[in-house]
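Examining the three-dimensional arrangement
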Amino acid sequence: MDSTGEGSGGGKGEAAEAEGEGKRLDRLPEALVCTIMSKLDVGSICSVASTCRAFRASASHLFAFIPNFHLLEIALSIDLLRRLLPRNPYLRSLKLDCERLDDSAISLLSQPALQELYVHNCSDFTGKLLSQIASNCADLRCLYLGSVAEKRGRAIHISDLEDLLSRCKQLEALVLMFDVSLFFSHNFAPIWASASQKLECLEIGYVSSVMVTELLAPNLAPKSPNSLQPSILPGIQKLILSVDSITDIMVATISNGLLSLTHLDLRDAPFTEPTIVTDLTNSGLELVNQHGKLKHLSLIRSQQYLITYFRRVNDLGLLMMADKCANLESISLGGFCRVTDSGFKTILHSCSRLYKLKVCHGTHLTDLVFHDISATSLSLTHVSLRWCYLLTSHAIGNLVSNMQLKVLDLRECKSLGDEALKSIGTLPELKALRLDGMDISDFGLSSLRERVIKSLTSLSLRGCKRLTDRAITVLFKDTSNLELQELDLSNIPSLSDEGILSLARSRVPVSELRIRQCPLIGDASIMALASMQVDDDQRHGNCLRLLDLYNCGGITQLAYKWLKNPYFPRLRWLGIAGSVNRDIIDALARNRPFLRVTCHGEEIGPEHWDNVDGSYAQEFDEVDGIGGWLVGEGGFHLLSDDDDDDDDGNDMMLE
């Protein structure tokens, strides 16, 4: 009886104490609370707001004058957006995922004081988005528009773009991340004459090479046919374009017309084999960097639609280009199938300031390129050599003389094996390592354990067929204080539940885990990951924000119970098999409204391999705060009634 009474009294005491704390918080001056909360990001504000009514009221007022609102990890509905983003005369920067929004949200997005606006996944918007931004945001400096009007029935008129260019006279950076050729095939070039003279950065998701040439070609003065006027975009320093085909004419127009260009990134994906008129040749390469200011150069031929290369460029072309590009700091070359070691060595020996080197589909690139790299003054920090099949471990042994290497991408270099890992294992500062498709073994991975695994934040072993469950033990057993955030173990036939159990027991704090197309992965792996606890808050599966399980052969409907709340509380991306019952997916969506579920095999998540500094990671916890905010305001409930049944039993999985 005494015991029972004591417990009852204790419960009442705790309740009274909590009530007292709430009253004390209510007595804090709201101006003081708002001042403190204004130092936080959106997610942290929402987290604080979910703790008590006083903080919730302060947060509601704060959102009316907060200067930055960044929420890219989830897609808000129009109702939620109205609650979180009222009219705000002090809002300077807004970044949103607009997947669930349409034109009805334009008034909320185009706030007058904005200087920076990033809106992604705007497929359900029309060109009205551009014209309203032009009308309302006169002080805009940076604008990113992603996937505008990509849904069927949506359109952008040339007048919408003209309004944007003519009215936003302070624009310094403009990103049109959609196919502009669908909407602006006629009269595209003339409207840019009214664009901001302060425009320094221009990126276009897709545009034809003819449109680029018309846009950037110097105009003939009407009274003096032989005199040339400068480009209509004289201040451009950074130009990033995806086109149908990179041509000599386009390269010449860019190089001659843009006097201040320091960053040039061109990528094409031809539908048909280019002719000599529609292709890049040695003559075009010779014209690169006419004004000598270029520091970053990328020329990539994608094989997205057709297996094709820059067949009209050889070593001579790179030799002529290198003569004018001695100040390059980074270079990316893709699809130069006729360039040999001599051409690539010319770049390495001519560009003494080079720190970033990327070559993909270097079909004639061999070990000789790096034979005497230690004799140069190069300090390479980023190296990518994808699909360079002739490279062997000797090349890697010479390459690692650059002890400052932070990013090393050797995907599909199939002649590399365990010997290469011994050399890589000596790098003390390596952050990102991609070994997809290499001929490596479990034993070979032990070379990474002593030094490299402690510094890595990203590791990909996708498609390394010889690896087994033992690879997980070799890398992670008895390790601590690891920084690893992203791990890709996809397409490893021998990886099974035992390997994932070892990973969970090791408490590796990965936030992105890809184990797609592993036929031996089953329900036990999901249960183990759901049980994994790696930090002090002791929430189940608390680190994972991305989990790709596409086409894992042993997963049944039973596993989907472990994907509901309260497990994996930070999960934002989930890849599953397309054969899953639609009712299961719908139930999961109701239980986790902010979770993005894909079931058609597409790659999921952020573009993490090109962003190894972790700069995007700060935004992940925002979603947890949003969930608490909504529950606190009486919104939908994020927990299901049946989610707690096996909570205690689940803790036994890792014992």
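Anyway, here's the lowdown on the structure attached to this text. On a predicted model such as this, the values are computed, not experimentally measured, just so you know.

**Structural notes on empty space enclosed by the protein**
Any empty space left between the atoms is revealed when a probe the size of a water molecule rolls over them. As enumerated under the stated definition, the model contains 4 cavities of 30 Å³ or more in all. Here the largest cavity defines a volume of roughly 90 Å³. Along the wall of the largest cavity there are 13 residues; nearest its centre are S255, L258, L261, N289 and Q290. The class makeup of the residues in the lining of the largest cavity is 7 nonpolar, 5 polar and 1 charged. If you add up the space inside the second largest cavity, you get close to 40 Å³. Forming the boundary of the second largest cavity are L333, F344, I347, L348, L357, V359, L365 and V369. Among the elements that take part in the lining of the second largest cavity, helix α13 (residues 341-350) stands out by supplying 3 residues, more than any other. Tallied by class, residues from the lining of the second largest cavity come to 8 nonpolar, no polar and no charged.

**With respect to the pairing of strand β11 (residues 356-360)**
One ladder, built from 5 bridges, connects strand β10 (residues 330-334) with β11; its direction is parallel. Bridge assignment links S330 to a residue of β11, and that residue is K356. For the crossover that starts at β10, traverses α13 and ends in the parallel β11, the hand is right-handed. Bridging between β11 and strand β12 (residues 382-386) involves 5 bridges; their strand directions are parallel. If you follow L357 over to β12, its bridge partner there is V383.

**Notes on the side chain of S58**
Topologically, S58 is positioned in helix α4 (residues 53-62). For S58, a relative accessible area of 3% corresponds to the buried category. Apart from the residues lying within four places of it in its own chain, the contact partners of S58 are E30, V33, C34 and M37.

**Notes on the packing of aromatic side chains**
In total, this model carries 9 aromatic pairs according to the counting rule given. A ring pair is formed by Y118 and Y144, whose centres lie 5.9 Å apart and whose planes are at 10°; its orientation type is stacked. Of this pair, Y118 sits in strand β3 (residues 116-120) while Y144 sits in strand β4 (residues 142-146), placing them 26 residues apart in sequence. Using a relative accessible area of 17% as the deciding quantity, one classes Y144 as buried. An aromatic cluster is defined as three or more aromatic residues linked by ring pairs; in this entry it consists of F178, F183, F184, F188 and W192. Above the face of the Y118 ring, K95 is positioned so that its terminal group lies 4.9 Å from the ring centre.

Parameters and conventions
Residues numbered from 1 in each chain as written. Predicted model: local features only at pLDDT ≥ 70, side-chain atom pairs only at ≥ 80, totals over all residues. Heavy atoms only, no water. 1 Å grid on protein atoms, 1.4 Å probe; cavity = no way out; pocket = protein on both sides within 12 Å on 5 of 7 lines; lining within 4 Å. Points joined across faces, edges and corners; volume = space filled by probe spheres on them. Nonpolar A, V, L, I, M, F, W, Y, C, P; charged D, E, K, R; others polar. Helix = DSSP H or I, 4+ residues; strand = E, 2+ residues; numbered from the N terminus. Pairing = 2+ DSSP bridges. Right-handed = clockwise from strand over helix to strand, strands pointing away. Buried < 20%, exposed > 50% of the residue type's maximum accessible area, 1.4 Å probe, protein only. Contact = heavy atoms within 4.5 Å. Phe/Tyr/Trp six-rings, centres within 6.5 Å; stacked < 30°, edge-to-face > 60°. Lys NZ or Arg CZ within 6 Å of the ring centre and 35° of its normal.

Purely geometric numbers; function is a separate question.
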